[in-house]
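# Summary of the model geometry
In case you want the letters, here they are:
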Amino acid sequence: MFTKILIANRGAIACRIIRTLRRMGIASVAVYSEADRHSLHVRQADEAVCIGPAPASQSYLDGRRILAVARETGAQAIHPGYGFLSENAGFAAACEAEGIAFIGPTGQQMRDFGLKHTARELAQRNAVPLLPGTGLLADLDQARAEGARIGYPVMLKSTAGGGGIGMRLVWSEDELKEAYASVERLARANFRQAGIFLEKYVEHARHIEVQLFGDGKGNVVALGERDCSVQRRNQKVIEETPAPGLTDAQRANLLATAVRLGEAVGYRSAGTVEFVYDATNGEFYFLEVNTRLQVEHGVTEEVSGVDLVEWMVREAAGELDLSGFQPKLEGAAMQVRLYAEDPGKDFQPAAGVLTEVVFPMDARIETWVERGSEVSPFYDPMLAKLIVKGQDRAQALERLEQALAETRVAGIETNLGYLAQIVRDAVFIEGRQTTRYLNAFHYRPTTVDVIEPGVQSSIQDWPGRTGLWDVGVPPSGPMDALACRLANRLVGNPEGAAALELTVAGPTLRFNCDAVIALAGADMGATLDGE
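One structure accompanies this document, and this report is about it. No experiment lies behind these values; they were computed from the predicted model shown.

## Here's the deal with the sheet that holds strand β19 (residues 364-367)
Strand order in the open sheet formed by eight strands is β13-β12-β9-β10-β11-β14-β21-β19, and the pairing between neighbours is antiparallel. Every interior strand has two partners, whereas the edge strands, β13 (284-290) and β19, have only one. Averaged over neighbouring strand pairs, the angle between their axes works out to 25° when direction is ignored. Taken together, the eleven bridges between strand β9 (residues 205-215) and strand β12 (residues 268-278) define a ladder with antiparallel strand orientation. Residue pairing across strands places glycine 214 opposite serine 269, the latter belonging to β12. Across the sheet, helix α12 (residues 393-406) is in contact with β11 (235-241), β14 (332-339) and β21 (382-390); its angle to β21 comes to roughly 140°. Running over the sheet, helix α13 (residues 416-423) touches β10 (220-232), β11 and β14 and is turned about 45° from β11.

Put into structure tokens, the structure is as follows:
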């Protein structure tokens, strides 16, 4: 077994891996960029080394620098987590050449599944159901001919990459020219690989994936399936297991199909086979394979009792044997992704210092933030994953609602309110979500936008801060305590509720929801919608 492992990642997944290594008695080496110097994973690791400035291309994607740190610190293996270098076959080969174990699939397996068009060919050879589609397209003219053959709508896809980048839904031939140019441009910019293909689009689709694990000795097991249909712009928002609404026969067929594909390449380590499930006819079709640990792996761990990170480490050390292993899946689990973004403003990213971070004690929280953490604009905006488990889906959903209600994050905008509304929506409660569900979901923010702050506007409450003169803190609170208390009484609040106190000049505010307001104190010439 290894004695020291380097984690070539950041954020929640780095913290997650460090916890497992500590439990296994293995020392951890964290790498970090200058922007992450105060990040939680840096403090939690046994050793931490700065590898470059904030941009990922100069830090977390710098394979040479990461390998140099592994040599300098005596790390015997590298765990890539997800994202960054986790599916980089060249980096995996470089690790092996240095005599450092890459904790993940082989480079060849990454190449087999890394390009979507070659993954389709592999799936076809192993009798995995496929949607009507094409190989790589030579040009726009071929795309037009193939689109007419398949029938619209179609999905135009880059063969490289993931995370929803390089995908475009095309409803008619009229849209194809602009879409083709857009996807080709995105593919070159993000993946340096301009290969594009077409695939039939399923209008009432669910996204269902199977968690695979191979021990590198020919044994491949499926640890259940996950429903990842709640997506916004092809990015997953909520994941759960088991997938609601599947029959036992459908589930057995799905898992057996995924295992057959994994066995065809002698798959090793963690991987996920993704399928499109047509909600109208109950058929499923191959989508792609992710040759890494998934963000949503935690829900599978909750129902299977398997620590996938530990399995990855043991497999890389040659100490895992899955012959005769039979998974025992119990209960239901759900996960939401908490993002630093503002759903009320078209999900624009948010950055800044977190002034409050409170998570529930009885939920599984995977995060890299705490009070005082600075969220930079350089990386993925995910702050945390909230994971709950129940005896069944209904209990898991109830616990998820409670976990969201008990979570408090302040200082920047997040999607916390958006998540809470989704899990209370009838479509999700009944398990009827499809990949287009959120397109029609109407978010109702209970917020107020500050257009202009006004001079010396402040939040005050009564009686304010008192009794601290002995440590040098003077009394505080509203200048006009009577007006503050009267305004609260008028709207039915407790007298001590926080209120907005305006002194020199009032602010300009936009209410994003129905609200009862009261103005008390001096007449400042207030207007509502100009009146």
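## Focus on the environment of glutamate 413
When you line up the elements, glutamate 413 lands in the loop between β22 (408-410) and α13. Residue glutamate 413 is classed as partly exposed on the basis of its relative accessible area of 41%. For the pair formed by glutamate 413 and glycine 344, sequence separation is 69 residues and the distance between their alpha carbons is 9.4 Å. The contacts of glutamate 413, once residues within four sequence positions are left out, are Tyr339, Ala340, Glu341, Asp342 and Ala350.

## Observations concerning the packing of aromatic side chains
Scanning the entire structure with this criterion turns up twelve aromatic pairs. Between phenylalanine 347 and tyrosine 418, the ring centres sit 4.9 Å apart and the planes meet at 75°, which makes this aromatic pair edge-to-face. Of the two residues, phenylalanine 347 is situated in the loop between β15 (341-342) and β16 (348-349) and tyrosine 418 in helix α13; the sequence distance between them amounts to 71 residues. Tyrosine 418 matches phenylalanine 347 in its accessibility class, with the two residues each being buried. Both rings, one in tyrosine 418 and one in phenylalanine 441, keep their centres 5.9 Å apart while their planes meet at 75°; by these two values the pair is edge-to-face. Of this pair, tyrosine 418 sits in helix α13 while phenylalanine 441 sits in the loop between α14 (426-429) and β23 (448-452); the two residues are 23 residues apart in sequence, bridging distant segments of the chain. Following the ring pairs from residue to residue traces out a cluster consisting of Phe347, Tyr418, Tyr437, Phe441 and Tyr443. One Lys or Arg, arginine 232, reaches over the ring of phenylalanine 347 and ends 3.7 Å from the middle of that ring.

## Some details on the sheet that holds strand β4 (residues 77-79)
Across the sheet, which stays open at both edges, the five strands sit in the order β3-β2-β1-β4-β5 with parallel pairing between neighbours. Taken across any chain shown, the strands that pair with only one partner, and hence form the sheet edges, are β3 (47-52) and β5 (101-102). Taken strand by strand, helix α3 (residues 63-73) contacts β1 (4-7), β2 (27-33), β3 and β4, and its axis lies near 150° from that of β3.

## Considerations on a nonpolar patch on the surface
On the surface, Val448, Val450, Ile459, Leu500, Leu509, Phe511 and Ile517 cluster together to form a nonpolar patch covering roughly 610 Å² of accessible area. Mapped onto the nonpolar patch, the elements with two or more residues apiece are β23 and β26 (508-511).

## Description of the pattern of salt bridges
For the coordinates displayed, the defined rule picks out 41 salt bridges. Here aspartate 141 and arginine 144 are joined by a salt bridge, their closest N and O atoms 3.4 Å apart. Placement of both aspartate 141 and arginine 144 in helix α7 (residues 140-150) is noted, with a separation of three residues, approximately one turn of the helix. Residue arginine 144 is classed as partly exposed on the basis of its relative accessible area of 28%.

## Some remarks on the pairing of strand β6 (residues 154-158)
Side chains on a regular strand alternate between the two faces of the sheet. Burial runs high along β6: five of the five residues are buried. Burial along β6 is two-sided: Val154, Leu156 and Ser158 facing one way and Met155 and Lys157 facing the other are all buried. For β6 and strand β7 (residues 167-170), the ladder comprises four bridges, and the chain directions are antiparallel. When the bridges of β7 are listed, lysine 157 appears paired with methionine 167.

## Quick notes on the environment of asparagine 234
Within the secondary structure layout, asparagine 234 lies in the loop between β10 and β11. Between the alpha carbons of asparagine 234 and alanine 187 there is a distance of 16 Å; along the sequence they are 47 residues apart.

## Some remarks on the pairing of β13
Among the seven residues that make up β13, seven are buried, leaving the element largely enclosed by the rest of the structure. Linking two consecutive strands that pair antiparallel, namely β12 and β13, is a turn of five residues; a positive phi of about 75° is found at glycine 282 within it.

## Overview of helix α11 (residues 308-316)
Given 3.6 residues to a turn, an α-helix orients residues that are three or four positions apart in the same direction. With respect to burial, α11 is a largely interior element, seven of its nine residues being buried. All buried positions along α11 are accounted for by Leu308, Val309, Glu310, Trp311, Met312, Val313 and Glu315. Of the residues trailing α11, glycine 318 is marked for its positive phi of about 75°.

## Remarks on α13
The buried count for α13 comes to seven of eight residues, which makes it a mostly enclosed element. Elements that come into contact with the buried residues of α13 comprise β10, β11, β14, α12 and α14.

## Brief notes about the environment of isoleucine 17
As for its position among the elements, isoleucine 17 is in helix α1 (residues 11-24). Given the relative accessible area of 0%, isoleucine 17 is considered buried. Note: C-alpha distance between isoleucine 17 and proline 80 (63 residues apart in sequence) is 9.7 Å. When near neighbours in sequence (up to four residues on either side) are disregarded, isoleucine 17 contacts Ile7, His79, Gly81 and Val309.

Each value, and the rule that gives it
- Residues numbered from 1 in each chain as written.
- Predicted model: local features only at pLDDT ≥ 70, side-chain atom pairs only at ≥ 80, totals over all residues.
- Heavy atoms only, no water.
- Pairing = 2+ DSSP bridges.
- Helix = DSSP H or I, 4+ residues; strand = E, 2+ residues; numbered from the N terminus.
- Axes fitted to C-alpha atoms, helices over the stretch in contact; angles between N-to-C directions.
- Contact = heavy atoms within 4.5 Å.
- Buried < 20%, exposed > 50% of the residue type's maximum accessible area, 1.4 Å probe, protein only.
- Phe/Tyr/Trp six-rings, centres within 6.5 Å; stacked < 30°, edge-to-face > 60°.
- Lys NZ or Arg CZ within 6 Å of the ring centre and 35° of its normal.
- Patch = residues over 30% accessible without salt bridge, like charges linked within 9 Å, V, L, I, M, F, W, Y side chains within 5 Å.
- Areas by Shrake-Rupley, 256 points an atom, 1.4 Å probe, with all protein chains shown as cover.
- Salt bridge = Lys/Arg side-chain N within 4 Å of Asp/Glu carboxyl O.

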